[in-house]
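Summary of structural features
Take a look at the letters that make up each chain.
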Number of protein chains: 2
Amino acid sequence: MALAYDGAIQHLIDSFARLPGIGPKGAQRIAFYLLGVDDAEAQELADAITEVKARVRFCDICGNVCETSPCPICADPRRDHTVICVVQEPKDVMSIERTREFRGVYHVLGGAINPMANVGPQDLNIPKLLRRLSPQTAGDPDDDSRSGESVAAQGTEDVQEVILALNPNIEGEATTTYLSRLISPCGVKVTRLASGLPVGGDLEYADEITLGRALVGRREA
Amino acid sequence: MALAYDGAIQHLIDSFARLPGIGPKGAQRIAFYLLGVDDAEAQELADAITEVKARVRFCDICGNVCETSPCPICADPRRDHTVICVVQEPKDVMSIERTREFRGVYHVLGGAINPMANVGPQDLNIPKLLRRLSPQTAGDPDDDSRSGESVAAQGTEDVQEVILALNPNIEGEATTTYLSRLISPCGVKVTRLASGLPVGGDLEYADEITLGRALVGRREA
């Protein structure tokens, strides 16, 4: 019996099934969708994958993904380089940009402390963050982030505040606590995102921890 | 503000978001996953897409996707070429193969009659099905499916039964009725899949139409 598809189809299904959020059925659906579209559209997807691997790198300053280093945000003189928002992943930068409430710059850790997954502070992009907070090390010869194109950013980075914008879960909280203790001695103001009721939510359906945080963090109306 | 990612990343996200079952968040997650894996793994996915478009075609006999025509099932002399199971899509062939209950051959329609989506009988792979049921047209000069490599299959296709295995929904039922009326005059036995309770299901949660079908189709215990 033929319990697997012919070579190329099965290989494509297997390749898609390895991606996050795609199961065997979804991978099969995508493979047949690609079989149905014209060659140019399928080739565009294949090229987009090759392209992204060839062109995308990490910003030497903030660790965000970008095609130029420093990234457009780090290189933008109109942004406030005295406030650094620390996030776990590059996609979190985009989430905060969409709020249109933040005009500072970012620092991407590349994860959060998670002993279960064997991720410790040494696996995160923390040393570069500390160097950004201590400008006297700007001349450090092995610190590429301060050389060349980043001069504009360098001149303006006299950091006043670090906003810890990590995920509100156990790993994020652990990382927030760790970074807060690490950064506070530098004499920089360290803040974190507010916890509370999600806007548009319903008091009745809020979990007790969130509701408790909202009570503790109450403000004058 | 940077509300979109740098060129190549955004292009990859957009390309993935066009695939079925993948939303903008899922596409973003996949794009960052691909950024994180090594180049070879990403390239393997890109190549799998290119490869499948280059190598996969439709079987001249049954319309299934394959890399050789006739497909391995149509070319297999150990299969029972007197029983044709008619399905909507190539993936349905795999579903039936997995049951290990069917030793015959297939015919893939490429869809079902759906007036809402402007799919009529003329859009389905029906003419080739009728030709398989009427071997006297085997010499038809514009019928490629009977020439060359398919000789083995040709000799054995004296069809006794057509099993209509379409989806148990409105479009599938309409197509089943249409094909049943079309094929019956050929003097071939036409059957359809049984409707009834799904195995492992619970009587309490069966919808009334399914339960009604199970009653009507009851068998001796």
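Predicted, not measured: the structure shown is a model, and the values here were computed from it.

Conventions and cut-offs
- Residues numbered from 1 in each chain as written.
- Chains lettered and ligands numbered in written order.
- Predicted model: local features only at pLDDT ≥ 70, side-chain atom pairs only at ≥ 80, totals over all residues.
- Heavy atoms only, no water.
- 1 Å grid on protein atoms, 1.4 Å probe; cavity = no way out; pocket = protein on both sides within 12 Å on 5 of 7 lines; lining within 4 Å.
- Points joined across faces, edges and corners; volume = space filled by probe spheres on them.
- Helix = DSSP H or I, 4+ residues; strand = E, 2+ residues; numbered from the N terminus.
- Nonpolar A, V, L, I, M, F, W, Y, C, P; charged D, E, K, R; others polar.
- Pairing = 2+ DSSP bridges.
- Axes fitted to C-alpha atoms, helices over the stretch in contact; angles between N-to-C directions.
- Buried < 20%, exposed > 50% of the residue type's maximum accessible area, 1.4 Å probe, protein only.
- Polar contact = N/O pair within 3.5 Å; in protein donor to acceptor, adjacent residues only side chain to side chain.
- Salt bridge = Lys/Arg side-chain N within 4 Å of Asp/Glu carboxyl O.
- Least-squares fit on C-alpha atoms with pLDDT ≥ 70 in both.
- Contact = heavy atoms within 4.5 Å.
- Buried area = accessible area lost by both parts, 1.4 Å probe.
- UniProt positions renumbered as here; feature names shortened; annotations may be inferred.
- Parallel < 35°, antiparallel > 145°, perpendicular 65-115°, else oblique.
- Left-handed = near helix turned anticlockwise from the far one by under 90°.

In this section: the layout of surface pockets. Residues and elements named next belong to chain B. As a volume, the largest pocket reaches approximately 800 Å³. Ala-165, Leu-166, Arg-192, Leu-193 and Ala-194 are, among the 26 residues lining the largest pocket, the residues nearest its centre. At the level of elements, β3 (80–87), α5 (90–99), β5 (161–164), α8 (170–183) and α9 (208–216) are the ones that each hand at least two residues to the lining of the largest pocket. Considering every element that reaches the lining of the largest pocket, the biggest residue donor is α5, with four residues. Here the residues of the lining of the largest pocket are counted per class, giving 12 nonpolar, eight polar and six charged. Space inside the second largest pocket adds up to approximately 690 Å³.

Quick look at the sheet that holds strand β6 (residues 189–192) of chain A now. Residue and element names in this part refer to chain A. Reading across from one edge, β4-β3-β5-β6 is the order of the four strands in this open sheet, with parallel pairing throughout. Either end of the sheet is taken by a strand with one partner, and the two such strands are β4 (104–108) and β6. The mean angle between the axes of side-by-side strands here comes to 25 degrees, regardless of whether they run parallel or antiparallel. Pairing of strand β3 (residues 80–87) with strand β5 (residues 161–164), which is carried by four bridges, proceeds in the parallel orientation.

The subject of this paragraph is the side chain of Arg132(B). Residue and element names in this part refer to chain B. Looking at the secondary structure, you find Arg-132 in helix α6 (residues 127–133). With relative accessibility at 2%, the residue Arg-132 sits in the buried group. For Arg-132, the side chain forms a polar contact with the side chain of His-107, separated by 3.0 Å.

In this section: the pattern of salt bridges. A complete count under the given rule lists 18 salt bridges over all chains for this structure. Where Glu44(A) meets Arg18(B), a salt bridge forms, and the shortest distance between an N and an O atom there is 3.0 Å. Pair noted here: Glu44(A) is in helix α3 (residues 39–55) and Arg18(B) is in the loop between α1 (7–17) and α2 (24–36), and the two residues belong to different chains. Across the salt bridge formed by Arg55(A) and Glu67(A), the nearest N and O atoms sit 2.5 Å from each other. Placement of the pair is Arg55(A) in helix α3 and Glu67(A) in the loop between β2 (65–66) and β3, with a sequence separation of 12 residues. A single network of salt bridges, built from pairs that share partners, joins Glu51(A), Arg55(A) and Glu67(A).

We now examine the relation of the copies chain A and chain B. Taken as rigid bodies, chain A and chain B are interconverted by a rotation of 179 degrees and an axial shift of 0.1 Å, the fit giving an RMSD of 0.1 Å. The superposition operator between the copies reduces to a two-fold rotation axis. Taking the C-alpha atom as reference, chain A places Ala46(A) closest to the rotation axis, 2.1 Å from it. A shared interface surface links the copies, since 100% of the contact residues of chain A are contact residues in chain B too.

So, on to the interface of chain A and chain B. Facing the 58 residues of chain A at the interface are 58 residues of chain B. Overall, the association of chain A and chain B removes approximately 5500 Å² of surface from exposure, summing both partners, and the carbon and sulfur fraction of that is 68%. The interface formed by chain A and chain B includes four salt bridges. Linking Asp39(B) and Lys53(A) is a salt bridge whose minimum nitrogen-to-oxygen distance equals 3.9 Å. Applying the counting rule to chain A against chain B returns 16 residue pairs in polar contact (both at pLDDT 80 or more). Among the elements of the structure, α1 (7–17), α2 (24–36), α3, β2 and α4 (90–99) of chain A are those that each provide at least two residues to the side of chain A that touches chain B. Looking at the side of chain A that touches chain B element by element, the count peaks at 14 residues for α3(A). For the side of chain A that touches chain B, the class distribution of residues is 32 nonpolar, nine polar and 17 charged.

Taking the numbering used here, the UniProt-annotated feature "zinc finger region: C4-type" (unreviewed entry) corresponds to residues 59–74 of chain A. The straight-line gap between the two end C-alpha atoms of residues 59–74 of chain A is 8 Å; of that span, 0% is helix and 12% is strand.

Looking now at empty space enclosed by the protein. Using the criterion set out here, one finds three cavities of 30 Å³ or more in the structure. Every residue along the wall of the largest cavity is listed here: Ser15(A), Arg18(A), Leu19(A), Tyr33(B), Leu34(B), Glu41(B), Ala42(B), Glu44(B) and Leu45(B). Secondary-structure elements contributing two or more residues to the lining of the largest cavity are α2 and α3 (39–55) of chain B. In the lining of the largest cavity, the residues fall into five nonpolar, one polar and three charged. The computed volume of the second largest cavity comes to approximately 50 Å³. Lining of the second largest cavity is provided by Tyr33(A), Leu34(A), Val37(A), Glu41(A), Leu45(A), Ser15(B), Arg18(B) and Leu19(B).

This part is about the packing of α3(A) against α1(B). For the pair α3(A) and α1(B), the least separation of the axes is 9 Å and the interaxial angle reads 150 degrees. As far as their axial angle goes, α1(B) and α3(A) are roughly antiparallel. The handedness of the crossing between α3(A) and α1(B) comes out as left-handed. Residues Glu44(A), Leu45(A), Ala48(A), Ile49(A), Glu51(A), Val52(A) and Arg55(A) of α3(A) pack against Ala8(B), Ile9(B), His11(B), Leu12(B), Ser15(B) and Phe16(B) of α1(B). Looking at the contact of α3(A) with α1(B) residue by residue, the classes come out as eight nonpolar, two polar and three charged.

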